[in-house]
Amino acid sequence: MALSLSRVPFHRSLPQGTLICVRTYANSPPGQQSPFRIQNVKNTGTSKNKKAFSRKNRIGAFRSMTPSSLTVPVLQPSPNSSLSSVPSFKPELMTENMIGQVVAFSQTPNDPIKYFGTPKNMLLEFRLLSKRCSVIRNITVFTAEELDSAAAEPSHKTRYVLTGPSGCGKSFLLLQSVQYCLAKGWIVIYIPRAKTTVNSTTTHTYDLRTQTYLQPNYAQQTLRRILEVNSANLETLTLREGLNYDRRSFSSGTTLAQLASAGSKDAVISSVVLETLLNELSRQSKIPVLLAVDDFQAIYNQKTAYRDPHFSAIRPYHLAIPRFILEFASGKRSFPKGAILGALTAMDPAFPVTNELIDELNLPGLHPRSPYSKRSKILQEYARGLMNLPVPEEFSPREAASVFETWMRDNALSAPGNDELFLAKYTESAGNPKAFVWQGILGTLEGAAPVVNQNTPWPQLREGRIVVQ
Amino acid sequence: MNVLRSQAFSVLRRPLCRRLATTRPFVPPAQLVFHDTLFAAGAKELDDNTVDALEAETNEREFEDDDFDANNSQDKAHPDSLNFYTGRSSYYDNIVELQNAISRTRGTLQRLHLLPLPEFAWKSLKPMPTVWKTPEEMTTDFETAMTISRYRKVTALLNELNEYLRIATTAGYADVAERIGSIISIFESGKKEAFLARGVRKPVQLDQYGRSYTFGKRKTSAARVWMIPVKPPSRQLGSDVNVEEAFGLSDKPRRPPVNVTVSTILINNLPIAEYFPQPVDRERIVRPLKIAGVLGKYNVFTIVRGGGTTGQSGAVAHGIAKGIFAHEPETGAILKRAKLLRRDPRMVERKKTGLAKARKRYTWVKR
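Residues numbered from 1 in each chain as written. Chains lettered and ligands numbered in written order. Predicted model: local features only at pLDDT ≥ 70, side-chain atom pairs only at ≥ 80, totals over all residues. Heavy atoms only, no water.

The record in UniProt for chain B states the following under Sequence similarities (unreviewed entry): "Belongs to the universal ribosomal protein uS9 family." (UniProt positions renumbered as here; feature names shortened; annotations may be inferred.)

Chain A is annotated in an unreviewed UniProt entry as Small ribosomal subunit protein mS29 of Lentinula lateritia. Quoted verbatim from the Sequence similarities (unreviewed entry) heading of the UniProt record, the comment on chain A is "Belongs to the mitochondrion-specific ribosomal protein mS29 family." In its Subcellular location (unreviewed entry) section, the UniProt entry covering chain A states "Mitochondrion".

Structure representation (structure tokens):
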């Protein structure tokens with residue numbers, strides 16, 4: 001993406017889909033056309049999606065260029081730098097001797113990363129890497145074994161919450177679990193950013209029948225995502241009873257896929273369709289279901305960002321989407337086969353980890369707590385029975401070495417990739433995965449020693465250049 | 001070879017001369033009472049009793065040295081020192097002795113072809129730092145007030161002698177060196193050893209568990225650092241051996257094991273990543289380990305107080321560098337070159353009057 005101030009529009013041949021915005025820097029005098037115009041130079045045949053690069057949709061500063069626009073030699077990938085040798089993620093790889101192995105999430109037609117999305121940090125990391133990789137840790141193997149044993153049991157028996165300090169790999173582990181269960185043939189419902197259900201970014205309408213606030217747009221989106229990822233499994237399941245709502249009727253025998261696609265097209269019936277879908281899934285015992293929720297603590301905050309007509313904060317259990325998550329997480333509703341997995345976000349000041357969760361999961365809280373601290377009985381009820389699955393707060397040297405090698409092969413290092421750099425970054429980050437990758441590998445300013453060209457005729461002009469290998 | 005003259009008037013016998021010099025006040029000859037002149041001046045004849053009494057008086061006034069008799073001899077009494085009439089005989093005696101010693105030594109060294117010495121040879125001489133007596137101590141020795149000019153004169157001569165001592169020692173002439181040394185040692189301060197040992201680092205002792213305890217400081221922060229070597233993991237027999245692999249039966253090639261020990265750095269009982277969120281502080285702390293090449297060899301526990309992030313991280317790095325030097329003195333050269341063993345002397349500059357801050361001036365107004 002290039003920014004230019006010139007008046008002349010670009011005539012260079014551009015890769016398809018590239019948008020070049022010429023910013024207006026000078027305000028034109030009133031009554032005249034501005035000398036600089038915002039020009040959208042598009043090739044023929046590109047999508048008309050003007051919102052792709054709008055401010056709202058821009059996430060972070062990392063937007064990778066297409067390979068054909070990488071003309072500068074520094075940006076050219078060296079011949080042996082590709083991550084093509086990284087194996088694809090497979091459920092069979094969850095074994096003891098694969099601990100420390102980096103695996104890549106390949107692009108499948110029902111890719112959960114594409115359709116469900118990921119938390120923001122993970123999204124940026126996947127954009128930086130050539131392939132979307134993660135490392136198999138011992139906790140991954142443990143979680144896979146737990147999920148295997150949960151495949152035959154009702155979900156209220158396997159309700160885990162992944163906990164740990166900031167940056168220890170909870171979201172990554174949750175994503176690995178989602179991929180594992182999907183590959184094993186489960187139905188997967190993954191909500192990567194549960195705080196979007198409670199931070200008042202989607203519409204909410206009061207429903208008299210259920211006496212809760214419905215979130216129709218969010219329900220519509222969720223149905224679409226569930227359908228895209230689990231279409232094969234949903235085709236095999238059918239409605240047991242017919243559904244009539246809002247002049248729409250679905251007879252018994254309609255596949256859940258048809259139901260979901262109908263709900264995903266129409267926001268009016270989406271909430272009811274989602275509810276029906278969940279009820280059906282709670283009744284069938286053919287296919288295990290995984291409900292994976294990141295930002296789990298957001299729905300346990302007593303006050304959401306939504307306001308009712310009296311301007312008091314709406315409780316999470318009065319909103320449709322958080323309510324169904326809470327019900328499944330507490331075991332009040334349960335899939336006959338399946339599991340519930342939640343991952344906390346340790347450092348979110350808007351939605352901190354509340355006392356109810358801290359008490360139930362036996363976590364070390366940040367602030368001093370006493371029996372007289374405020375706790376909500378309802379939320380305590382919803383938190384009952386959750387089990388703590390602590391994620392180790394540091395990489396083992398082997399895991400860290402694999403991660404380091406992956407980034408090294410992807411040309412992410414500014415310094416020569418040797419064991420001294422690895423050990424230095426590992427020591428500095430104390431093994432913390434996020435600090436190791438973001439502040440250690442990507443954030444370091446250490447580079448190779450400059451090489452002075454002695455052949456320069458004038459010693460005053462002799463300068464050291466850093467040769468990038 | 002008789003290098004120096006016999007030390008009859010030398011400083012070694014000074015106490016004797018001193019006694020001789022000071023116990024008798026100087027009496028001008030005109031005021032001396034002689035028995036002969038008494039009679040010659042026409043004094044009335046004394047009777048025998050008076051004569052006996054006078055003789056007895058004269059005998060009482062007999063001095064220890066039989067050579068000198070101010071009353072009986074016609075000659076004037078020779079003062080003991082040639083520099084008697086300077087009023088500072090002891091001082092000038094010593095100056096003359098030193099100058100004589102210097103000239104004699106110079107002659108000797110020239111005969112031995114050690115003088116004049118080429119430039120490169122001067123640099124190769126054995127360093128012999130000297131600490132002379134203070135002016136106050138020399139005052140008591142020379143019985144004169146050692147002003148700055150007198151002190152400088154003496155020390156200039158002593159320094160020259162010291163140079164000849166260095167030449168003689170380095171060249172291996174032990175007898176020459178010994179003689180020069182005997183003169184020099186008289187003027188050397190008793191606190192020489194202590195003075196030369198000032199500022200020398202005390203070697204840090206490791207305790208019973210092999211831990212080093214060092215201090216580090218930067219700006220207003222102080223860090224106490226304990227370092228202990230990491231125990232390598234005990235390898236159990238057969239843990240690394242896979243029977244299938246050994247027989248070549250496994251089809252999956254096993255990844256090579258990562259056999260490294262890692263350093264754990266705890267600062268105020270928190271991991272380094274938690275205590276210092278900024279990467280620059282962390283890199284500053286790990287830098288001494290990196291430069292010495294001992295990453296993964298030592299575990300570090302620190303208690304740091306005072307200052308802010310930069311000061312605390314600098315103090316910890318200083319303490320770690322000293323700890324590494326305590327465990328491995330061979331790394332001293334490279335740590336010194338990287339200026340890690342040096343306590344960074346930079347402190348916050350004070351605010352001055354008439355200025356807004358240490359250097360910032362108030363806005364200049366033309367009128």
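Engineer: I tried to follow the sheet that holds strand 12 (residues 338–343) of chain A on my own but got confused; where do I start?
Structural biologist: Note: strands within a sheet are paired through backbone hydrogen bonds, in either parallel or antiparallel orientation. Residues and elements named next belong to chain A. Spatial ordering of the open sheet is given by 6-11-12-5-13, a layout of five strands whose pairing is parallel. In this open sheet, the two edge strands, each paired with only one partner strand, are strand 6 (187–191) and strand 13 (387–390). On average, each strand axis in the sheet is inclined to that of its neighbour by 20 degrees, with strand direction left out of account. Bridge analysis of strand 5 (residues 159–163) against strand 12 gives four bridges, and the strand direction is parallel. Its bridge partner being in strand 12, Val-161 is matched across the sheet by Gly-342. (Pairing = 2+ DSSP bridges. Helix = DSSP H or I, 4+ residues; strand = E, 2+ residues; numbered from the N terminus. Axes fitted to C-alpha atoms, helices over the stretch in contact; angles between N-to-C directions.)

Engineer: Before we go on, may I ask you to explain the packing of helix 4 (residues 89–111) of chain B against helix 7 (residues 148–171) of chain B in this structure?
Structural biologist: How two helices pack is summed up by the angle between their axes together with the distance between the axes. All names here are of chain B. At a minimum axis distance of 10 Å, the contact between helix 4 and helix 7 shows a crossing angle of 25 degrees. One element, helix 4, and the other, helix 7, form an angle in the roughly parallel class. As for the relative orientation of helix 4 and helix 7, their crossing is left-handed in sense. Seen from helix 4, the contacting residues are Tyr-91, Ile-95, Leu-98, Gln-99, Ile-102, Thr-105, Arg-106 and Leu-109; seen from helix 7, they are Arg-150, Lys-153, Val-154, Leu-157, Leu-158, Glu-160, Leu-161, Tyr-164 and Ile-167. For the contact of helix 4 with helix 7, the residue count by class is eleven nonpolar, two polar and four charged. (Parallel < 35°, antiparallel > 145°, perpendicular 65-115°, else oblique. Left-handed = near helix turned anticlockwise from the far one by under 90°. Contact = heavy atoms within 4.5 Å. Nonpolar A, V, L, I, M, F, W, Y, C, P; charged D, E, K, R; others polar.)

Engineer: What's the story with the side chain of Thr140(A) in this structure? I'm lost.
Structural biologist: Within the secondary structure, Thr140(A) is located in helix 3 (residues 138–150). Among all residues touching Thr140(A), those that are not within four sequence positions of it are Met94(A), Val135(A), Leu173(A) and Gln176(A).

Engineer: Mind showing me how you'd approach the environment of Leu281(A) here?
Structural biologist: By secondary structure assignment, the location of Leu281(A) is in helix 7 (residues 267–283). Considered as a pair, Leu281(A) and Ile187(A) are 94 residues apart in the sequence and their alpha carbons are 9.1 Å apart.

Engineer: Would you mind showing me how to read the pattern of salt bridges here?
Structural biologist: Two side chains with opposite charge may pair up if their charged atoms get near one another. All names here are of chain A. All told, the structure shown has 29 salt bridges over all chains when counted by the stated rule. Residues Arg-283 and Glu-241 are paired through a salt bridge, measuring 3.2 Å at the closest nitrogen-oxygen approach. One end of the pair, Arg-283, is in helix 7; the other, Glu-241, is in the loop between helix 5 (216–236) and strand 9 (243–245), with 42 residues separating them in the sequence. The exposure class assigned to Glu-241 is partly exposed, which follows from its relative accessible area of 48%. (Salt bridge = Lys/Arg side-chain N within 4 Å of Asp/Glu carboxyl O. Buried < 20%, exposed > 50% of the residue type's maximum accessible area, 1.4 Å probe, protein only.)

Engineer: Looking at this model, I keep getting lost on the sheet that holds strand 2 (residues 221–229) of chain B. Mind explaining?
Structural biologist: Residues and elements named next belong to chain B. With respect to topology, five strands assemble into an open sheet ordered 1-2-5-3-4, the strand pairing being mixed. A single partner strand is all that each edge strand has here, and the edge strands are strand 1 (212–218) and strand 4 (270–271). As paired strands, strand 1 and strand 2 are joined by seven bridges and run antiparallel to one another. Across the sheet, Lys-217 pairs through a bridge with Ala-222, a residue of strand 2. The strands touched by helix 13 (residues 309–327) within the sheet are strand 1, strand 2 and strand 5 (298–305), with strand 1 carrying the most contacts at an inclination of about 145 degrees.

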